[in-house]
Amino acid sequence: MSTPALSEASTVEHDAPLAPLTTLRVGGPARTLVRAGSTDDLVAAVRAADEAGEDLLLVSGGSNLVISDAGFAGTVVQVATRGIELLEDAVRPAGDGGEPGRSGERVLVRAAAGEPWDGFVAHAVEQGWSGVEALSGIPGCVGSTPIQNVGAYGQDVSQTITGVEVLDRDSGELERFSAADCGFAYRDSVFKRTRKGSTGRYVVLAVTFSLERSELSQPVGYAALAQGLDVAMGERVPLADAREAVLAQRRQRGMVWDADDHDTWSCGSFFTNPIITTAQMDDVRAHVIERMGPNAPEPPEFDAGEGLVKTSAAWLIDKAGYGKGYAMPGPAALSTKHPLAITNRGGARAADVANLAREIREGVEDAFGVRLVNEPVFVGHQL
């Protein structure tokens, strides 16, 4: 591809290593790597690759990618844009004529796609903006969060996103999606469902959030978090306390990236929690009793809508015989802190990660009749 005209905020490299751009630290090189430091450069780089017919891969925080050992024989655009902007302060809820300063006031905050997610959450907590504190410690960048509808500890981004600015690669035009347009579902969105080659049809440029102006968290909606905070479910706590409690929970599970801790060299949760029918859940219980006897523990079960339930991928993996640290010493193994994370113990290849993931997926299906679905995106190979 011909190199697009870029500003000084951006760079272009050839035969550039991609593994260091991911939290799993696997994958071969990119033929061309464009680091886009401005939104204009991001749009220009994507348009240039598309006009040249190049296969395109977008990378931001790299926390949800398993890139093949062969690398990427096309153009990789690293989203490195920055900026957090307060659009509106003290917006009253519709129909509320109360006095300014009362709880319930909203702020509209716009963040560039390349803004590190945890940095954005930390900034929100410091500013007294409530609504994303339970998402502390999640790796990656702001632009990835609506794609995956990122969530944890009782919150997900669909609860606060009001708009997503995108480049539509089909039309070449800039568009804005309302929250309703995004088609949010469990770890899903219209952005994830509309693929175009190795990346999506829509390139996220910026995201706008509606957050509550409050020094208190949103109601605590996760039992382990409530226990860590020593409060009842549904209570609100100081924002900083909520953030620290979430970070403590995530560190216990190896879910806060640390270069010195190989338990964190992962994509986080490798499989999504299965959503299955109540009849399938009955089959799971029967498999559990057959495997573990009449006194077997009950598999976790959460209502997921009419006729559907959600169960725990981590529980199924563990009870199928793949506990914490399985396949240690590696080079790819389950985290010693959490059975849902496949980790690089040092020197792992993408093939090692994929082989372990297949073994676990097939083992869980054999044991309980449930086929797990991978959460990270595989690039250049398949699971």
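The structure displayed is predicted, hence computed values, not measured ones.

Here the focus is the overall build of the chain. Within the chain, the regular secondary structure consists of nine helices and 21 strands. Here the chain has a C-alpha radius of gyration of 21 Å; the compact-globule value for 383 residues is 21 Å, and the two agree. In terms of overall dimensions, the chain has C-alpha extents of about 65 × 60 × 40 Å along its principal axes. Counting the 383 residues in the chain, one finds 51% classified as buried. Sequence-distant contacts, at least 24 apart, represent 63% of the contacts inside the chain between residues at least 6 apart. With an accessible surface of roughly 16,300 Å², the chain has 47% of that area assigned to carbon and sulfur atoms. Put simply, the chain has 34 plus and 52 minus side-chain charges, and the middle of one group is 2 Å from the middle of the other.

Strand order across the open sheet formed by three strands is E16-E18-E17, with antiparallel pairing between neighbours. In this open sheet, the two strands that pair with only one neighbour each are strand E16 (275–277) and strand E17 (302–303). Note: E17 against strand E18 (residues 308–310), two bridges, orientation antiparallel. In the strand pairing of E18, Phe302 is matched with Lys310.

Quick look at the packing of aromatic side chains now. Within the structure shown, the criterion is met by 12 aromatic pairs. Centre to centre, the rings of Trp315 and Phe368 are 6.3 Å apart; their planes meet at 45°, and the pair counts as tilted. With Trp315 in helix H8 (residues 313–319) and Phe368 in helix H9 (residues 350–368), this residue pair connects regions lying 53 residues apart in the sequence. The pair Trp315 / Phe368 is uniform in exposure class, with both members buried. Put simply, the rings of Trp117, Phe120 and Phe209 touch in pairs and so form one group of aromatic residues.

Bringing the nonpolar core into the picture now. Formed by 52 residues in total, the largest nonpolar core has its most connected members in Leu42, Trp117 and Val164. In terms of residue count, the dominant contributor to this core is strand E15 (residues 202–213) (seven residues). Viewed by domain, this core spans two of them, domain 1 (11–79) and domain 2 (84–253), each represented by three or more residues. Excluding anything up to four places from it in sequence, Leu42 contacts Ala36, Leu58, Val77, Val79, Val203, Val204 and Leu205.

We now examine the sheet that holds strand E2 (residues 29–36). One open sheet accounts for four strands, arranged E1-E2-E5-E3; its pairing is mixed. The outermost strands of the open sheet, each flanked by one partner alone, are strand E1 (11–17) and strand E3 (56–59). Across the sheet, the mean angle from the axis of one strand to that of its neighbour is 30°, orientation sign disregarded. Taken together, the four bridges between E3 and strand E5 (residues 72–79) define a ladder with parallel strand orientation. Looking across to E5, one finds that Leu57 is bridged to Val76. Contacting E2, E3 and E5, helix H1 (residues 39–51) crosses the sheet at an angle of about 160° to E3.

For the chain, the assigned domains are domain 1 (11–79), domain 2 (84–253) and domain 3 (262–379). The C-alpha-based centres of domain 2 and domain 3 are spaced at 27 Å. With seven residues of domain 2 at the contact, the number on the domain 3 side is nine residues. Summed over both partners, the interface of domain 2 with domain 3 buries about 680 Å², with 55% contributed by carbon and sulfur atoms. Summed over the three residues of domain 2 that lose the most area to domain 3, namely Gln148, Tyr186 and Arg253, the buried surface amounts to 64% of that side.

For the pair helix H2 (residues 117–127) and helix H6 (residues 239–252), the least separation of the axes is 9 Å and the interaxial angle reads 150°. By the angle between their directions, the pair H2 and H6 is classed as roughly antiparallel. Listed contacts from H6 to Asp118, Val121, Ala122 and Val125 of H2 are Leu239, Ala240 and Arg243. Here the contact of H2 with H6 is composed, by residue class, of five nonpolar, no polar and two charged.

What follows deals with the pattern of salt bridges. Going through the model one piece at a time under the given rule, you end up with 20 salt bridges. In this structure, Arg110 and Glu165 form a salt bridge, with 2.8 Å as the shortest nitrogen-oxygen distance. Taken together, the residues Arg110 in strand E7 (residues 106–112) and Glu165 in strand E11 (residues 161–168) connect sequence positions 55 residues apart. By relative accessible area, which is 25% here, Arg110 ends up partly exposed.

Reading guide: rules and limits
- All residue numbers here refer to positions counted from 1 along the written sequence of the relevant chain.
- Only residues with pLDDT of 70 or above have their local features reported here, since the model is predicted, and side-chain atom pairs are shown and tallied only from 80 upward, although totals for entire chains, interfaces and linings are computed over all residues.
- By convention in this description, side-chain values take in all heavy atoms of the structure and omit both hydrogens and water.
- The helix count covers DSSP runs of H or I at least four residues long, the strand count covers runs of E at least two residues long, and both are numbered beginning at the N terminus.
- In this treatment the radius of gyration is a C-alpha quantity, and the globule benchmark scales as 2.2 Å times the residue count to the 0.38 power.
- Buried means the residue's accessible area, taken with a 1.4 Å probe over protein chains only, is under 20% of the maximum for its type, while exposed means over 50%, and partly exposed covers the values in between.
- The contact definition used throughout considers only heavy atoms, calling two residues in contact when any of these lie within 4.5 Å.
- Each accessible area value is a Shrake-Rupley result obtained with a 1.4 Å probe; residue values ignore everything except the protein chains displayed when judging cover.
- Positive charges are assigned to Lys and Arg, negative charges to Asp and Glu, while His and the chain termini are left out of the count.
- One atom stands in for each charge, and that atom is NZ of Lys, CZ of Arg, CG of Asp or CD of Glu.
- For two strands to pair, DSSP has to find at least two bridges joining them.
- Aromatic rings from Phe, Tyr and Trp, taking only the six-membered ring of Trp, are treated as a pair when their centres fall within 6.5 Å; an angle between ring planes under 30 degrees marks them as stacked, one over 60 as edge-to-face, and anything in between as tilted.
- Side-chain atoms within 4.5 Å are what join buried Ala, Val, Leu, Ile, Met, Phe, Trp, Tyr and Cys residues into a set we call a nonpolar core.
- Domain ranges listed in this record stem from an automatic or a database domain assignment.
- Lines fitted to C-alpha atoms define the axes, with helix axes restricted to the stretch in contact, and inter-axis angles between N-to-C directions lie between 0 and 180 degrees.
- Accessible-area loss on putting two parts together, using a 1.4 Å probe and summing over both, is the definition of buried area adopted here.
- These descriptions rest on fixed angle ranges, namely under 35 degrees for roughly parallel, over 145 for roughly antiparallel, 65 to 115 for roughly perpendicular, and the rest for oblique.
- The residue classification treats Ala, Val, Leu, Ile, Met, Phe, Trp, Tyr, Cys and Pro as nonpolar and Asp, Glu, Lys and Arg as charged. All others, Gly included, are polar.
- Between Lys or Arg on one side and Asp or Glu on the other, a salt bridge is scored when a side-chain nitrogen of the former is within 4 Å of a carboxyl oxygen of the latter.

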